[in-house]
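Per-entry structural report
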Amino acid sequence: RPSRRARGPVAPRAALLGDVTDLIAIPLSDGTQVLATVKTNAQGVHTIGLECDSSKPGLLLHWGVIRAGYGEEWQLLPPELNPPGTTVYKQKALQSPFPAFGALQLVLDPGVTAVEFCLTTSQTGEWFNDNGRNYRVELGPPGGEAPQSPHTHAYTAPTYDLSASPPPPPPSSPPPSGAGAGVDLAAGLEILYGVAAYLRWEQLGKPEVSERERGDIYAGAVNHITTRMREGESVDELEREFGLPPGMVKKTAMEAARAGGVATPPPPPVAPAARGARESAAAVTGSPSAVSPSEIAALCERRANGAHVLWRKELNLGDGVVKLLVVEARRTASGALQLIAMARADQGIVLHWATISEPAGEWMAPPHGWESFPANSWGTGGASWETEMEPVAGAPGWVAATIEAPLRDDGLVFVLRTEDNKHWVKDDGQDFMVFEDERRSNADVRALVKQRKEEARRAKKRADEEAKRRRKEDGRKSGSSRSGGGGAVTVAPVKMPEKPAVVTRKEWSDDDIRLHEGAMGAAGAAHGIAHGSVDRICGAEEGATRSLMHRYNAGSDLLPGCRSDGEAGMVAMAVWFRFMALRQLVWNNDYNIKPREISAAQLKCTEQLARIHRDDASLRDVTRLIMATIGRGGEGDVGQRIRDEILAVQQTNNCKGGMMEEWHQKLHNNTSPDDVPICEALLKFIAADCDINVYWDHLHANGIDAARMASYDRKICSEPSFKPDQYEGLTRDLTEYLRTLKAVHSGADLDSASEAVLGYHQDACKGKEINVPPIDEVATPRMRELLHSARGFRDLNEPLHSLEAMLEARRELWQWTRPGGTDNARLKDIIYLDLALESAVRQVVEGALGSMSRRAPVDVLKITGLALENLALSTGGNDELVICLREWRGIVAAATSGGTDWALQAKAITDRVQNALGECSGRYIGALQATAGAMGGALGVDGHVLDIFSEEIVRGTAAAPLSQMLRALDPVLREMAHMGAWNIISPVEASGVVEVVDDLKEIQTKTYAVPTILVSRRVGGEEDIPQGVVGVITPDMPDILSHVSVRARNEGCLFATVFDAGKLAEMERLAGQAVKCVPSSSADDLRVEPIAGGAASLGAAPGGGGGGSSLGGAMSAPAGGVVINRRRFMGRHAVASPEFTGEIVGSKSRNLQELRGRLPEWINLPASAALPFCTFDVVLESPDNAPIRLELDRARAELASMDFGNTAAFEDLLARMRAAIQDVVPTDELTREMQEAFAAERLPWPEGRLGPESRGGHGAAAKAWSAITGVWASKYNERAVLSCRKAGLTHEDVSMAVLCQPVVQARYAFVLHTVNPQTHNPDEIYGEVVCGMGEALVGNFAGRAMSFVANKNDLTNPKVTGFPSKANGLFTDSPTLIFRSDSNGEDLEGFAGAGLYDSIQMDEPKLRSVDYSADPLVSDEQFRGQVLAAIAHAAYEVEKTLRSPQDIEGCIAADGALYVVQTRPQV
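Residues numbered from 1 in each chain as written. Predicted model: local features only at pLDDT ≥ 70, side-chain atom pairs only at ≥ 80, totals over all residues. Heavy atoms only, no water.

Brief notes about the overall build of the protein chain
The helix and strand tally for the protein chain stands at 40 helices and 45 strands. Residues counted as buried form 55% of the 1467 residues belonging to the protein chain. In the protein chain, the share of contacts with a sequence separation of at least 24, taken over all contacts with a separation of at least 6, comes to 69%. Accessible area for the protein chain stands at about 59000 Å²; split by element, carbon and sulfur atoms hold 50% of it. (Helix = DSSP H or I, 4+ residues; strand = E, 2+ residues; numbered from the N terminus. Buried < 20%, exposed > 50% of the residue type's maximum accessible area, 1.4 Å probe, protein only. Contact = heavy atoms within 4.5 Å. Areas by Shrake-Rupley, 256 points an atom, 1.4 Å probe, with all protein chains shown as cover.)

Pasting the structure below:
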């Protein structure tokens, strides 16, 4: 990193709107310095730019901020203000890496009064501070005095005129007595002073201390040591007393003398906020064997950060890879259990650890809130974690790790392993255990295991004897009191309140439910069919038709193979079971099977699936889909009771003939899931006083008709008929029987699933009673209350309270249902309860949709939020849903408190959620449909079922109720936000024939003979509008300033977004009809009226020719005289910005040059160099590029005569041309002139060699060349060629200059039109803003940007017209370059050339999700107003300077600086 010392005085540059600025030099102990540029703007926001000329690798800033009212304790910044790469150090400090070049920027809110910091290196662990103190920069108020320099005891760099007033140094030490002749021990005594001060601070209880108190403690230690030495004590005696190695003081002093300076002492006692410095106090030298036990104890103490010791042990492990091990158990001030492990080892060591509840107990995942030091820890996929042990500074050969976990009675357990995984180290064959109690920690595991096995054997023996005794006793009792549960204790019902209670929800963290994998289609199923799994399933189908038992057993046998085929294999299993559930496959083929055998086969299958659900996060969604199609199953009497109980129902109620007997025979022969709706239909039939229509209505609603009932092996052909005196008994007994049926067949039934978890009892039938015990850890009083309220409010038609209880219950279950969650012997029942709750949410929402229009808007918001939470809990890969959920909570809070703009913000979030739902639906269809088609064809599945297979599955997921709620909420929000059903992007009257298409991109090469208005279900933002099209209507939401929107306005084409689904349907129904569309003056409504004369009255389409179907053949001269002036090479391969002229570069470069020096100081312009017009043509003439030139000449000739209607051939030809251009190599002249132009502009030259990597290019220069050739190649992208052909322009006249600029690492990017493009109001600026870089705004990124308008007479009060809904932004984390297209074919009046060609970064930006709930642009109204006002002022200044309406692109950097990166005339 080049030194800043050699430079002259730096002139501070103001950021956004006029700053207080100062430049401070901070000298370091190694002779280098840190330069701090400190700015405070008018709003009080501080920006500190830090540059360091130290050559030390991996340099980190270890820092915190000081706030008024918090004393001297370090505070952390909100995450969104942290510099790139920042990590939180033990929740006490921040650590930020210095960038490769440029300054490290700290952006601080007005509440920060000072910054304290020191430096460290990530590779060596070395620390740099101010003689034991932190560096400190005091920050002034806005508009006040400049910031004060850091407190320092060293010199100030002479290059800069600075005034630093350091605090007084610590008391000087007197010459010690007994010092060796000729040796000044002052430097060595500093270590002794520091240790004495540390011990004194420890004796005081390690309190948090101020700077003054810290100095007092240090001064007291100096006086104490000095006094004792004056009284005759030797240095050797003091070293022994304070635990220093013998001779360390003298040795340190001699080393300092040889170095010609004074050694940096260890830090004096510090408050825990500065934990980063603790290792530097242990700078002990020597070989591993020379490190004494007292030194190791001191090093452990420094790692402890104030935690008090519970116990400590040292283990000599012999001559293995780990020689010595020190283990300490401590308790932190916050109550956490702290483990410190230090080991002397020959190689890298990893700590493999977990938690346990008792000695020799099962390893468990650590609780939420644990920390490891170092932070490099990772999960193993099970309960355990691993932490890399770090080298201990000052103790060669030693490594250490610290674990802190919020444990009280539980403990930590660990073993060690080498990094190569070849050696594992245990405690004499057993795990190392760390409990608060040392005795428990040292327990003999072998003895405990042996004891527990003996106790288990005795307990089993007692249980067997008790079961035997009870069976004998039951044999003497009547059948009604006999237990069929194998000795199980009768489960007594828990009495619950008669009325459900409204639940109070806990403050859950939404991040806790974030899942990065498991989304349907994300693990391979979207990329192909698992033909092996499909073939095996189809091969097993014939045997599976014998009975459901055979089908479930086949599923169990096939599951391992499907799982080994990955997600695609599991999708095959899901499709097969779904076909079964849809009754497309034979359930029974004249085979008599006992219900308990079906139930046991189900159990075998669902137990496997429950294991996969827990253990394989990538298969979560598909596993849930399979489980939802299968009943829970059971063993023993649970299944057999189906057979037995129907006989009791018949006998008790005297209904042994007719339909009941036929049903009994079916149940006896082969029960199936159909029996559940049959039983429900009988209950409804009785309740309706034997109205047979009610009976059939329920059966038909569940897919059962008379033909199906007659197709059973044991046919049901009769209709039910009961007498009134049978009603009461049948209702009682069939209701109880329904419980039995659901226990086997209905996995996702909430009542049945609740009973399975909470426990239930059924009286004996044929001497066998059912006792399902509760799952103790799950069936808590809280869970009973939640499920009681969920079902109670559901039955009372109170959707909000019911949904709140359901979602709270799902949150309580999350610890078991999440991937890798807590294990349980009855995990299957817990997962089925979660599935039942998920399904119940859908049922409650569907039942309440009709009442939404009568409910308060806030309640509708809450219900929608609960449906969103339900989907997030049910879906893998749910990062986007979790962000939306967090944003939704903010909207509910704002609406509840009566905040402003909440309806407008809610509309944006609903749009974002709709996009997420569309993506989710697409994933399901992509993952399922191909496999369904392949398997369904082989199994003879009905074609209609196959056509809608995936769509029907999506309708049954948790996405369905959310989609329904959003449709219900949308008109409410639009009305409250004063939004119409339309957003007119290009307000032009249009008359044409309506045509409906799926995607605008798919038909952009088509030519329409008659004027056409397209209704396109998909518009991305970068498409070209087909020739002959006069209007485009879409439900998509492209930004008003996106490429396609700009082209629509330039071409005079109507372009409108329709929000209302009903109006979209109306437009689609007009397909084939001629209509006239008239936009309103407010651009929020569109009047559509039929044209009496039909299509015949419209005439030919503009430019449509004689009715050709594609853009092919020669084109006539362009209308309006628009031409592209062909350019020639002017002799220069690269130029700096002062040389930009219209002969050599395009308008982007020229306009920026015209602005230089003419804008206010706070508007910044990036440095710029350019590769002029025709540079590519000259490079192509090089002999090295001759083959490419010939290839391009042939391709150009082919393109000139091509019929663009052949889309595949057209796209293939252009792709080959672009690939050829990217293989061009640079000439020596180009490289030399580029280097000269870059040097003149002070642009960083990329290291390496220019050229394609395949032809000798390497390093960053190869990436830069790839970007340059990519810009040249964009001349041949589809939209550019189509636009020229459509306008009748000669495409080969296009010449591409390349504008080279540094990338501004943008926090926000904006596009502005200084004349409102929707209303054409010249007094109104229209702008759109996105997080990150501008490509997310003008390109093909789903969602809308933040939009606003600002009156030029009132620029300080912009009005927000729309909040952002884009899920993603593009971000650049490190300095790089961008190469922008700057052709002679853009900004031609009458031709929409903007955005036709590409601009490419040298290093690709990173795509990240954007959380608007945490971004002040959305969440902070005052901040938003300041940013938008600054942007509006910049637009006004640019327009005023260039004296014409402008289309401007710019950004705001992380430090608040505003940049204009390009501008062109608005057309």
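With respect to the environment of Glu838
With respect to the helices and strands, Glu838 occurs in helix H22 (residues 827–848). Judged by relative accessible area, which is 14%, Glu838 ranks as buried. Glu838 sits 88 residues away from Leu750 along the chain, and the two C-alpha atoms are 9.2 Å apart. If near-sequence neighbours (up to four positions away) are discounted, Glu838 is found in contact with Arg624, Arg810, Asn870, Ser874 and Ala958. Only 3.0 Å separates the side chain of Glu838 from the side chain of Ser874, close enough to count as a polar contact. (Polar contact = N/O pair within 3.5 Å; in protein donor to acceptor, adjacent residues only side chain to side chain.)

Overview of the nonpolar core
Membership of the largest hydrophobic core comes to 163 residues, with the highest contact counts inside it found for Trp576, Phe579, Met806 and Leu861. Among the elements that take part in this core, helix H25 (residues 902–939) stands out by supplying 16 residues, more than any other. Ignoring sequence-local partners within four residues, the contact set of Trp576 consists of Ile537, Glu541, Ala544, Arg551, Ala554, Gly555, Leu558, Leu585, Met935 and Leu939. Grouped together as the second largest cluster of nonpolar side chains are 50 residues, Ala1264, Trp1272, Ala1280 and Val1298 included. (Core = buried A, V, L, I, M, F, W, Y, C linked by side-chain atoms within 4.5 Å.)

Things to note about the pairing of strand E30 (residues 1074–1079)
The element E30 is extensively covered by neighbouring structure, given that 5 of its 6 residues are classed as buried. Bridge analysis of strand E26 (residues 990–997) against E30 gives 4 bridges, and the strand direction is antiparallel. Paired with Val993 across the bridge in E30 is Ala1074. Of the strand pairs in this sheet, E30 and strand E31 (residues 1086–1090) are connected by 5 bridges, and their pairing is antiparallel. Within E31, the residue paired with Cys1077 across the bridge is Val1088. Joining the antiparallel neighbours E30 and E31 is a turn of 6 residues, in which Ala1083 adopts a positive phi near 60°. (Pairing = 2+ DSSP bridges.)

Digging into helix H10 (residues 566–581)
Its 16 residues give H10 an end-to-end C-alpha distance of 23 Å, which sits within 8% of 22 Å, the value for a rise of 1.5 Å per residue. By the criterion of burial, H10 is predominantly enclosed, with 13 of the 16 residues buried. Remark: Arg583 follows H10 within two positions and exhibits a positive phi of approximately 65°. (Expected span 1.5 Å × (residues − 1).)

Topic: the confidence of the model for the protein chain
Any residue range with low pLDDT should be treated as having predicted coordinates unsuitable for detailed reading. Summary statistics for the protein chain give a mean pLDDT of 82 and a share of 85% for residues scoring 70 or more. Mean pLDDT across the elements of the protein chain ranges from a minimum in helix H4 (residues 248–259), with 62, to a maximum in helix H21 (residues 799–817), with 96. For the stretch residues 1–20, pLDDT sits under 50, and the model shows 55 contacts to residues farther than four places along the chain or on other chains. Note that pLDDT drops below 50 for residues 143–183; the model gives that stretch 76 contacts with residues more than four away or on any other chain. (pLDDT = per-residue confidence, 0-100.)

A look at the pattern of salt bridges
What the rule picks out here adds up to 86 salt bridges. Between Glu812 and Lys506 there is a salt bridge whose closest N-O contact spans 2.9 Å. Of this pair, Glu812 sits in helix H21 while Lys506 sits in the loop between helix H7 (445–475) and helix H8 (531–544), placing them 306 residues apart in sequence. Salt-bridge contacts for Glu951 lead to Arg955; the nearest nitrogen and oxygen are separated by 3.8 Å. Of this pair, Glu951 and Arg955 are both found in helix H27 (residues 949–955), 4 residues apart, which corresponds to roughly one turn of the helix. A relative accessible area of 47% places Arg955 in the partly exposed class. Three or more residues joined by partner-sharing salt bridges are found here, namely Arg505, Lys506, Asp510, Arg782, Glu785, Glu808, Arg811, Glu812, Glu869 and Arg889. (Salt bridge = Lys/Arg side-chain N within 4 Å of Asp/Glu carboxyl O.)

Overview of unusual backbone geometry
Across the junction of Phe373 and Pro374, the peptide omega takes the value 5°, indicating a cis bond. One can find Pro374 in the loop between strand E15 (371–373) and strand E16 (377–379). A positive phi angle, close to 55°, is found at Asn305, a residue other than glycine. Looking at where Asn305 falls in the secondary structure, it is placed in the loop between helix H5 (293–304) and strand E11 (308–316).

What to know about the packing of aromatic side chains
Under the counting rule described, the total for this entry stands at 15 aromatic pairs. Note on Phe1176 and Trp1272: the rings are 5.2 Å apart at their centroids and 50° apart in plane angle, and the pair reads as tilted. Residue Phe1176 is located in helix H32 (residues 1175–1180), and its partner Trp1272 is located in helix H36 (residues 1259–1273); the two are separated by 96 residues in the primary sequence. Overall, the relative accessible area of 8% leaves Phe1176 in the buried class. On the basis of relative accessible area, Trp1272 is assigned to the buried category, the value being 3%. (Phe/Tyr/Trp six-rings, centres within 6.5 Å; stacked < 30°, edge-to-face > 60°.)

Remarks on helix H19 (residues 750–758)
Of all 9 residues in H19, 7 are buried; the element is thus mostly enclosed. Restricting attention to buried positions, one finds in H19 the residues Leu750, Ser752, Ala753, Ser754, Ala756, Val757 and Leu758. At the exit of H19 stands Gly759, carrying a positive phi of roughly 90°.

Observations regarding the packing of helix H34 (residues 1207–1221) against helix H37 (residues 1278–1287)
Between H34 and H37, the least distance of the axes is 10 Å, while the angle of their chain directions is 115°. The handedness of the crossing between H34 and H37 is right-handed. Residues Phe1210, Glu1211, Leu1214 and Arg1218 of H34 form the contact with H37, whose own contacting residues are Glu1278, Val1281 and Leu1282. (Axes fitted to C-alpha atoms, helices over the stretch in contact; angles between N-to-C directions. Left-handed = near helix turned anticlockwise from the far one by under 90°.)

A short note on the sheet that holds strand E45 (residues 1458–1465)
Strand order across the open sheet formed by 7 strands is E33-E45-E44-E36-E37-E38-E39, with mixed pairing between neighbours. Edge strands, defined here as strands with exactly one partner in the open sheet, are strand E33 (1163–1164) and strand E39 (1359–1362). As defined by bridge partners, E33 adjoins E45 across 2 bridges and the pair is classed as parallel. The residue of E45 that forms the bridge with Asn1164 is Tyr1459.

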